[in-house]
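# Results of the structural survey
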Amino acid sequence: MAARRVAIIGAGASGLCALKCCLEEGLEPTCFERSKDIGGLWRFEEHPEDGRASIYRSVIINTSKEMMCFSDFPIPDDFPNYMHNSKIMEYFRMYARHFDLLRHIRFRTSVCRVSKRPDFGSSGQWEVLTESEGKQEAAVFDAVLVCSGHHTDAHLPLSSFPGLEKFEGCYLHSRDYKSPQPFLGKRVVVVGIGNSGIDIAVELSHAAKQVFLSTRRGSWVLHRLANSGYPFDFSYISRFTQLLQNLLPRNIISFFLEWKLNARFDHTLYGLKPKHRILEQHPTINDDLPNRIISGRVMVKPNVQEFTETSAIFEDGTREDIDAVVFATGYSFSFPFLEGFKVVENQIPLYKYVFPPDLEKPTLAFIGLVQPLGAIMPISELQCRWATRVFKGLSELPLRQDMEADIEQKKEAMAKRYVKSQRHTIQVDYIPYMDELACQLGVKPSLLTLFLTDPKLAVEVAFGPCTPYQYRLRGPGAWAGAREAILTQQQRVVRALQPQACRHARSSAAPHTLTVLFSIAMIAATLIYVSLSP
């Protein structure tokens, strides 16, 4: 029987692991990439192609290397814990070479249309129309993996800003921002306080005459470093801390986290405190913003009420003369090449954020279409591992009504938890969502079994960071190196900071200590919260 052919759309982080997962399952993948190279969002270019995600030159990722790596390919120990986009690209190239992925990619090839074959009800096949160098070509595939991401279509709500049409300065979306040089000596408003907005405001403040950071609702600002200087996610995203979060009321968790952030800098004092609680918004991460605010290089302002020819008038009645505006207002996602699929208000109903529930055959999957409270790469990989086994018939999806019920339940929970926003439609919590996918695949680690058979590893899995290697310990796709990768994960963190550190050190005492301290602090916060409650 011939191998089932799979079309993969996009050769970014999700597309690369999709290729590898297809090859592992004996499928025949073809990846279509509209640009000339791999990397997607993480490949910086001064002038990116239309329709491709784009970043600015200085971007550094907000997730640490041990938490963001692919689960059977650790990032080298001498790579920084938080990597510049150039180092991420270096890692992607190593991954692609190691697993011989490039030969399956057709570069400079755009996907124009993906449509069901006339016999889709029985075959589940798709016709994929592509274009390369002005020539179109149609081919039939047994399944399709959509890996094009959700950072391609800039959301620029110009109608929300009266007077912008008469503004004499320049304005652009953060997608088109590349470096601070064009803004040297200028007065700039940055609209939006998400990760891109804050990063750009901070960077511009070193070159611009003055930067104004405009926000509708404020934000809680996290930082990359935990106590003792370990990466924040490496220290606190663990199964034990997740258990505490499941047991404690959300208000108490918010109280503790907000108290901890305000101990670093008072968000009210700095004009940033929002009305919503910390767990009701996608986290914003930046280490430098408080320093730029206290030095006057960044001034926090409320929402822009209107623009004039040369100024911005804010909702508090203040007016500032400005030369330029950067709109860090997020993205919309759409899939114009997919016949019959519509996105309404940045929402598309997908079972576990992967499978459309209404197809006669489960041969279409969306990869990486989530906004995680954690790293995206391991999530995309686990989605691919599950999807490829569904394509092969080795894993079955529930009945349509059960999938739709799950989708509706998640939608309601998200609407209840988060403030209404364009980006709060695809939010997932890292460990719960990874475990949810792992259960579909049969690769969730069993703590009981580990404590009975391998106590040393069990302690790392339970109390240490929930690194992607945990999902290679058992089940389909198990990797013989997973145990060693888990036991040496702190070594790789330390090695990046201390090149001469002993390569054989395996102790994870520091992160485990942080976990225990976090637990004690959470309990203390509970007692304080209860004592302060009326």
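Note: the structure precedes this text.
Residues numbered from 1 in each chain as written. Predicted model: local features only at pLDDT ≥ 70, side-chain atom pairs only at ≥ 80, totals over all residues. Heavy atoms only, no water.

For strand 10 (residues 187-191), a buried count of four out of five residues is recorded, marking the element as mostly surrounded by other parts of the structure. Here five bridges tie strand 10 to strand 11 (residues 210-214), and the two strands are oriented parallel to one another. When the bridges of strand 11 are listed, Val190 appears paired with Leu213. Considered for its hand, the β-α-β crossover made up of strand 10, helix 5 (residues 195-204) and strand 11 is right-handed. (Buried < 20%, exposed > 50% of the residue type's maximum accessible area, 1.4 Å probe, protein only. Helix = DSSP H or I, 4+ residues; strand = E, 2+ residues; numbered from the N terminus. Pairing = 2+ DSSP bridges. Right-handed = clockwise from strand over helix to strand, strands pointing away.)

A few words now on the environment of Lys65. Tracing the backbone shows Lys65 in helix 2 (residues 65-68). According to the relative accessible area criterion, Lys65 is buried, its value standing at 0%. Residues Lys65 and Met83 lie 18 residues apart in sequence; the distance between their C-alpha atoms is 7.2 Å. Discounting chain neighbours no more than four positions away, the residues touching Lys65 are Ile75, Pro76, Asp77, Asp78, Phe79, Pro80, Asn81, Arg492 and Ala496. Among the polar contacts made by the side chain of Lys65, one reaches the main-chain carbonyl oxygen of Asp77 at a distance of 2.9 Å. (Contact = heavy atoms within 4.5 Å. Polar contact = N/O pair within 3.5 Å; in protein donor to acceptor, adjacent residues only side chain to side chain.)

Our focus in this paragraph is unusual backbone geometry. In this model, Asp100 sits at a positive phi of 55°, which is unusual for a non-glycine residue. Relative to the helices and strands, Asp100 resides in the loop between helix 3 (85-98) and strand 3 (105-107). Exposure remark for Asp100: the relative accessible area of 39% places this residue in the partly exposed category. With a phi angle near 55°, Glu133 is a residue other than glycine that sits in the positive phi range. Along the chain, the position of Glu133 falls in the loop between strand 5 (126-132) and strand 6 (135-141). What makes Glu133 exposed here is its relative accessible area of 76%.

All right, on to the sheet that holds strand 18 (residues 324-327) then. Across the sheet, five strands lie side by side as 9-18-10-11-14; this open sheet has parallel pairing. The sheet terminates laterally at strand 9 (170-173) and strand 14 (298-301), the two strands that pair on one side only. The mean angle between the axes of side-by-side strands here comes to 20°, regardless of whether they run parallel or antiparallel. Sheet analysis places strand 10 next to strand 18, joined by four bridges and oriented parallel. Counterpart to Val189 in the pairing with strand 18 is Val325. (Axes fitted to C-alpha atoms, helices over the stretch in contact; angles between N-to-C directions.)

Our next topic: the packing of aromatic side chains. Remark: the centre distance and the inter-plane angle together describe each pair of aromatic rings, the angle taken between the planes. Here the structure, examined in full by the defined rule, presents 28 aromatic pairs. With centroids separated by 6.3 Å and ring planes inclined at 50°, the aromatic side chains of Phe333 and Phe335 adopt a geometry described as tilted. Note on accessibility: Phe333 and Phe335 belong to one class, buried. Summarising the aromatic geometry, the rings of Phe335 and Phe366 are spaced 5.0 Å apart at their centres and angled 70° between planes, so their arrangement reads as edge-to-face. (Phe/Tyr/Trp six-rings, centres within 6.5 Å; stacked < 30°, edge-to-face > 60°.)

Next up on the list: helix 11 (residues 400-417). Look at helix 11: 26 Å from first C-alpha to last across 18 residues, which is about the 26 Å you get at 1.5 Å a residue. Considered for burial, the residues of helix 11 that qualify are Met403, Asp406, Ile407, Lys410, Met414 and Arg417. The buried residues of helix 11 occupy an angular sector of 105° when projected down its axis, which confines them to one face. Every exposed residue of helix 11 that faces more than 90 degrees away from the buried side is listed here: Gln401, Ala415 and Lys416. If you follow the buried residues of helix 11, they end up packed against helix 8 (250-264), strand 21 (371-373), strand 22 (427-429) and helix 12 (430-441). (Expected span 1.5 Å × (residues − 1). Arc of directions from axis to C-beta.)

Right, let's talk about a nonpolar patch on the surface for a bit. A grouping of Leu156, Leu158 and Tyr171 is seen on the molecular surface, where their side chains present a nonpolar patch of about 220 Å² in accessible area. Note on Leu156: relative accessible area 31%, which makes it partly exposed. (Patch = residues over 30% accessible without salt bridge, like charges linked within 9 Å, V, L, I, M, F, W, Y side chains within 5 Å. Areas by Shrake-Rupley, 256 points an atom, 1.4 Å probe, with all protein chains shown as cover. Salt bridge = Lys/Arg side-chain N within 4 Å of Asp/Glu carboxyl O.)

This part covers the sheet that holds strand 17 (residues 319-321). Reading across from one edge, 15-16-17 is the order of the three strands in this open sheet, with antiparallel pairing throughout. The open sheet terminates on both sides in strands that have one partner only, identified here as strand 15 (304-307) and strand 17. Direction aside, neighbouring strands of the sheet carry axes that sit 25° apart on average. Pairing between strand 15 and strand 16 (residues 311-314): three bridges, direction antiparallel. Directly across from Glu306, in strand 16, lies its bridge partner Ile313.

Another aspect to go through is the nonpolar core. Ile8, Phe92, Leu145, Leu204, Leu289 and Phe355 are the most contacted members of the largest nonpolar core, which totals 102 residues. If you tally residues by element for this core, the top one is helix 10 (residues 377-392), at eight residues. Setting aside anything within four residues of it in sequence, one finds Phe92 in contact with Ala13, Leu16, Ile38, Gly39, Trp42, Phe70 and Met377. Residues Ala7, Phe120, Phe337 and Leu359 belong to the second largest nonpolar core, which totals 23 residues. (Core = buried A, V, L, I, M, F, W, Y, C linked by side-chain atoms within 4.5 Å.)

This next bit is on the side chain of Thr109. Summarising the element assignment, Thr109 is placed in the loop between strand 3 and strand 4 (110-116). Among the residues examined, Thr109 registers a relative accessible area of 3% and is labelled buried. Here the side chain of Thr109 touches Phe107 through a polar contact of 3.0 Å, landing on its backbone oxygen. What Thr109 contacts, discounting residues up to four positions off in sequence, is Phe32, Glu33, Arg34, Thr130, Glu131 and Ser132.

Following both chains from N to C, one finds helix 10 and helix 12 inclined at 20°, their axes separated by 9 Å at the closest point. Taken as axis vectors, helix 10 and helix 12 run roughly parallel relative to one another. Here helix 10 runs over helix 12; the crossing is left-handed. Here Pro378, Ile379, Leu382, Gln383, Arg385, Trp386 and Arg389 of helix 10 come into contact with helix 12, specifically with Tyr430, Tyr433, Met434, Leu437, Ala438, Gln440 and Leu441. Considering only residue class, the contact of helix 10 with helix 12 consists of ten nonpolar, two polar and two charged. (Parallel < 35°, antiparallel > 145°, perpendicular 65-115°, else oblique. Left-handed = near helix turned anticlockwise from the far one by under 90°. Nonpolar A, V, L, I, M, F, W, Y, C, P; charged D, E, K, R; others polar.)

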